[in-house]
Amino acid sequence: MTDLALGSNRPLELAERRRFLALRKLAAHRSFKIGLLIVSVLVLAAFIGPWLTGIDPTSMRIRNKFKPPSDQFLMGTDNYGRDVLTRVLYGGQLSLGIGFFVALLSGIAGTIVGVVAGHFRALDAYLMRVMDALLAFPAILVAIGIGAALGPQATSIVVALAVAYVPRTARVVRASTLVIREMEYIEAARVSGASNLRIIVKHILPNCLGPLTVQLTFVFAYAILAEAALSFLGIGPPPPAPSWGNIIAEGRDHAVEAWWIMLFPGIAISLAALGMNLLGDGLRDVLDPRLKIES
Amino acid sequence: MTEAPIVTVRDLVKTFPVRGRPGEPKRTLRAVDRVGFDVLRGETLGLVGESGSGKSTTGRMLVGLISATSGTVELFGHHIAGGAEKGALNKVRSRLQFVFQDPQNSLNPRMRVGDAIAEPLDVAGGLSRQARNDRVQELLELVGLPRSCGDRFPHEFSGGQRQRIGIARALALRPDFIVCDEPVSSLDVSMQAQIVNLLLDLQEQLGLSYLFIAHDLAVVRNISTRVAVMYAGGIVEMAPKRDLYAAPKHPYTQALLAAVPRPVPGRARAPSVAGELPSLIDPPKGCAFHPRCPFAFDRCRIEKPRLNPVEGGHAVACHLHEAGGSGTSAL
């Protein structure tokens, strides 16, 4: 038994080290760290910030309208004299919330469609043709269609964007499933009499999780951008409740005289998208061992 | 040898449809062509053949991973192919298992080794947490791994250790019959010997029967009681180990044995058989081996030889060795 090179005196130590290896790799990954920093700052600002400024984002003071950024109004005021900083902070709650729920919903739906298509081959052609049909339209167009049909509410935006991004998630999950189902451990489970449900839950899903997580961070970023685009087109979350998108949309008419109304939410959107993309890149590098890790 | 065999395979056929260009006639690939054999309690039947000879397909049909096109498989008196399959397979499921070739992907990388070993137990159910974990430790010890390593993940183990884990998983439900599909082919030579010895020890301790699939005769020699040689989907020769290695009858077996490297310095290797495995979509008429056979004569090109017993459990599918042509030794 010369192949028993396992040190019996320190097995726990080794096991624990392995378990934290992924975390340590992430901690050493530069773009992941930057992404995480940006995203955490934005999330903290959105959920704690408004509490600190203590101003109602919808309270209007016409006397203060179009004040440029100053000590009193760090990001200036808009045409109704509302504080842009406060609105950007509150807007973050809505925009980040929409991003999160779109990622969550399209993640759940896409995983179900992808696993079913990949595992039950007879259904593959039907499901994936539907996904292809959805994918044939630009995601934003699908979202406009659904969003317009459901009416201007935050929830309808979430549903519309989730539907628009389901095909991408489904394709990623299906691709992983197709690889995993050929593995011998799936056959081993079958020989033991495991049901399809057990095979999916115990073997396929855990092995899809890496690519899925990566995909969902990108969906999160796209959703924030798409929310802005929809708001700009007038089918975003309805005013006066602020979202990053509708602050920009409302500032559009005053872009020349009051550039600050559009600039600051624009920066927030860019930062959020950048942060999520960096985060996703880092996760992909660490979760996919085939790609080399840049330090 | 009066005991009834635990595995009986008769006329087993598996064809796969081949997707051609649209408009072309549908074609089929005949992966396994009328294979028949028995496995007795406590014995090991070695199944040898080149890649694509149908040996793995045969093994997978025995455990229900692939459904047979026609023919019968009878396990412990239950027909699992060619009849009411699903129910019958579940009845014998716990008594048969499979050991896979590639230890790299026969274990789920995200599943703890202990859970992988316990999978057959978990699926079968009816065991308390404690009893289950005790059984896992017992199995680890049985295959020569530390009892404590059930908490670890597969990537922490070497190829040989993973193969031990695969064997432990196969043993979980105390099966009677295990199909080993090239269990040592992806291991280095010293590890091969260890795994073969482990399988032999387990056979002795637990009274197991094996169908041991391999692509080279040297590995099979150590473990088998009897050996069957497959070529292009069919069994061409089947004999007790000693007979097969001492007096191979089929020209293909002779060529395979000549190709086994021997540690004799200075002696030139016998030339191996020329040519390649024939197409299984469009197999040669008559004997599948005739295009490569140095002794082929007219009959071989027309008539397919059947597997005929020649003497003392030795059977060969070759016109040279049929009752009429007895004594025409190819040697």
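So, how was this worked out
- Residues numbered from 1 in each chain as written.
- Chains lettered and ligands numbered in written order.
- Predicted model: local features only at pLDDT ≥ 70, side-chain atom pairs only at ≥ 80, totals over all residues.
- Heavy atoms only, no water.
- Pairing = 2+ DSSP bridges.
- Helix = DSSP H or I, 4+ residues; strand = E, 2+ residues; numbered from the N terminus.
- Axes fitted to C-alpha atoms, helices over the stretch in contact; angles between N-to-C directions.
- Contact = heavy atoms within 4.5 Å.
- Buried area = accessible area lost by both parts, 1.4 Å probe.
- Salt bridge = Lys/Arg side-chain N within 4 Å of Asp/Glu carboxyl O.
- Core = buried A, V, L, I, M, F, W, Y, C linked by side-chain atoms within 4.5 Å.
- Buried < 20%, exposed > 50% of the residue type's maximum accessible area, 1.4 Å probe, protein only.
- Phe/Tyr/Trp six-rings, centres within 6.5 Å; stacked < 30°, edge-to-face > 60°.
- Polar contact = N/O pair within 3.5 Å; in protein donor to acceptor, adjacent residues only side chain to side chain.
- pLDDT = per-residue confidence, 0-100.
- Parallel < 35°, antiparallel > 145°, perpendicular 65-115°, else oblique.
- Left-handed = near helix turned anticlockwise from the far one by under 90°.
- Nonpolar A, V, L, I, M, F, W, Y, C, P; charged D, E, K, R; others polar.

Some words on the sheet that holds strand β4 (residues 70–75) of chain B
All names here are of chain B.
At step 1: Spatially, four strands are ordered β2-β1-β4-β5 in an open sheet, and the strand pairing comes out antiparallel. The open sheet has two edge strands, β2 (27–39) and β5 (78–81), and neither has a second partner. Averaged over all pairs of adjacent strands, the angle between strand axes in this sheet comes to 30°, irrespective of strand direction.
At step 2: Examined bridge by bridge, strand β1 (residues 7–18) and β4 share five bridges and lie antiparallel to one another. Considered in β4, the bridge of V9 is made with V73.
At step 3: Lying on the sheet, helix α1 (residues 55–62) is in contact with β1, β2, β4 and β5; it crosses β1 at an angle near 115°.

Quick notes on the interface of chain A and chain B
At step 1: Opposite the 27 residues of chain A that make contact, chain B presents 36 residues.
At step 2: For the pair chain A and chain B, the two sides together bury roughly 2,800 Å², of which 53% comes from carbon and sulfur.
At step 3: At the boundary of chain A and chain B, one finds two salt bridges.
At step 4: With a closest N to O distance of 2.6 Å, R60 of chain B and E187 of chain A form a salt bridge.
At step 5: Those elements giving two or more residues to the side of chain A that touches chain B turn out to be α1 (11–19), α8 (184–191) and α9 (196–232) of chain A.
At step 6: No other element matches the seven residues that α8 of chain A contributes to the side of chain A that touches chain B.

A short note on the nonpolar core
At step 1: If you look at the biggest cluster of nonpolar residues, it comprises 58 residues, and the most contacted ones within it are I167 and F212 of chain B.
At step 2: When residues of this core are assigned to their parent elements, the largest contribution, six residues, is made by helix α6 (residues 189–206) of chain B.
At step 3: Every residue in contact with F212 of chain B, bar those within four places of it in the chain, is listed here: T44, L45, G46, L47, C180, P183, V184, L199, V219, V220 and I223 of chain B.
At step 4: Ranked by size, the runner-up nonpolar core spans 51 residues in total, among them L89, A268, A273 and L279 of chain A.

What to know about the packing of aromatic side chains
Residues and elements named next belong to chain B.
At step 1: This structure, assessed with the given rule, holds seven aromatic pairs over all chains.
At step 2: With centroids separated by 5.0 Å and ring planes inclined at 85°, the aromatic side chains of Y231 and F289 adopt a geometry described as edge-to-face. Taken as a pair, Y231 in strand β9 (residues 226–231) and F289 in the loop between α9 (251–259) and α10 (298–302) lie far apart in primary sequence, 58 residues in all.
At step 3: Y231 gets classed as buried once you look at its relative accessible area, which sits at 2%.
At step 4: Geometrically, the ring pair formed by Y252 and F289 is edge-to-face, given 5.2 Å between the ring centres and 65° between the ring planes. Residue Y252 is found in helix α9, and its partner F289 is found in the loop between α9 and α10; the two are separated by 37 residues along the sequence.
At step 5: In this structure Y252 comes out as buried when scored by relative accessible area, which is 1%.
At step 6: Ring pairing ties together the aromatic residues Y231, Y252 and F289, which thus form one cluster.

So, α8 of chain A
At step 1: α8 of chain A sits mainly inside the fold: seven of its eight residues count as buried.
At step 2: Those residues of α8 of chain A that sit buried are E184, Y185, I186, E187, A188, A189 and V191 of chain A.
At step 3: For α8 of chain A, the elements touching its buried residues are α7 (154–180) and α9 of chain A together with α1, β6 (96–99), α3 (113–124) and α5 (159–171) of chain B.
At step 4: Just downstream of α8 of chain A lies G193 of chain A, where phi reads positive at about 90°.

Some thoughts on the pattern of salt bridges
Pairing of side chains with opposite charge becomes possible as their charged atoms draw close.
At step 1: Evaluation of the coordinates by the stated rule reveals 24 salt bridges over all chains.
At step 2: For D115 of chain B, the salt bridge goes to R132 of chain B, with nearest N and O atoms at 2.9 Å. Taken together, the residues D115 of chain B in helix α3 and R132 of chain B in helix α4 (residues 129–142) connect sequence positions 17 residues apart.
At step 3: Of the residues examined, D115 of chain B reaches a relative accessible area of 27% and is grouped as partly exposed.
At step 4: Three or more residues are tied together by salt bridges with common partners; here these are R82, R87 and E250 of chain A.

A look at the side chain of H314 of chain B
Residues and elements named next belong to chain B.
At step 1: Locating H314 in the fold gives a position in strand β12 (residues 314–316).
At step 2: A polar contact is formed between the side chain of H314 and the side chain of E237, at a distance of 2.6 Å.
At step 3: Residues within four places of H314 in sequence aside, it is in contact with E237, M238, A239, P240, D243, L244, A247, K249, N308 and P309.

Section: the confidence of the model for chain A
Interpretation of the predicted coordinates at a detailed level should be avoided for regions scoring low in pLDDT.
At step 1: Looking at chain A, pLDDT values average 83 and 90% of them are 70 or higher.
At step 2: Segment residues 1–13 of chain A is flagged for pLDDT under 50; beyond a separation of four residues in sequence, or across chains, it makes 22 contacts in the model.

Let's talk about unusual backbone geometry
All names here are of chain B.
At step 1: Even without being glycine, D11 reaches a positive phi, approximately 50°.
At step 2: In this fold, D11 is placed in strand β1.
At step 3: Positive phi is not limited to glycine here, since F76 has a value of about 50°.
At step 4: By the secondary structure assignment, F76 is in the loop between β4 and β5.
At step 5: Taking relative accessible area as the criterion, F76 reaches 15% and is therefore assigned buried.

Let's talk about the packing of α9 of chain A against helix α11 (residues 260–287) of chain A
Residue and element names in this part refer to chain A.
At step 1: Two numbers describe how α9 lies on α11: the axes approach to 7 Å, and their chain directions differ by 165°. For the element pair α9 / α11, the angle class is roughly antiparallel. Relative to α11, the crossing made by α9 is left-handed. Listed contacts from α11 to G210, T213, V214, T217, F218, F220, A221, I224, L225, A228 and F232 of α9 are M262, I269, A272, A273, M276, N277, G280, D281, L283, R284 and L287.
At step 2: Looking at the contact of α9 with α11 residue by residue, the classes come out as 15 nonpolar, five polar and two charged.

Structural notes on the sheet that holds strand β8 (residues 209–214) of chain B
All names here are of chain B.
At step 1: Spatially, β6-β7-β8-β3-β9-β10-β12-β11 is the arrangement adopted by the eight strands of the open sheet, whose pairing is mixed. The open sheet has two edge strands with one neighbour each: β6 and β11 (308–311). Taken over all neighbouring pairs, the strand axes of this sheet differ in orientation by 20° on average, direction set aside.
At step 2: When strand β7 (residues 177–181) meets β8, the two strands line up parallel, connected through five bridges. When the sheet's bridge partners are listed, C180 is paired in β8 with F212.
At step 3: Against the sheet, α6 touches β3 (44–48), β7 and β8, its axis set at about 160° to β8.

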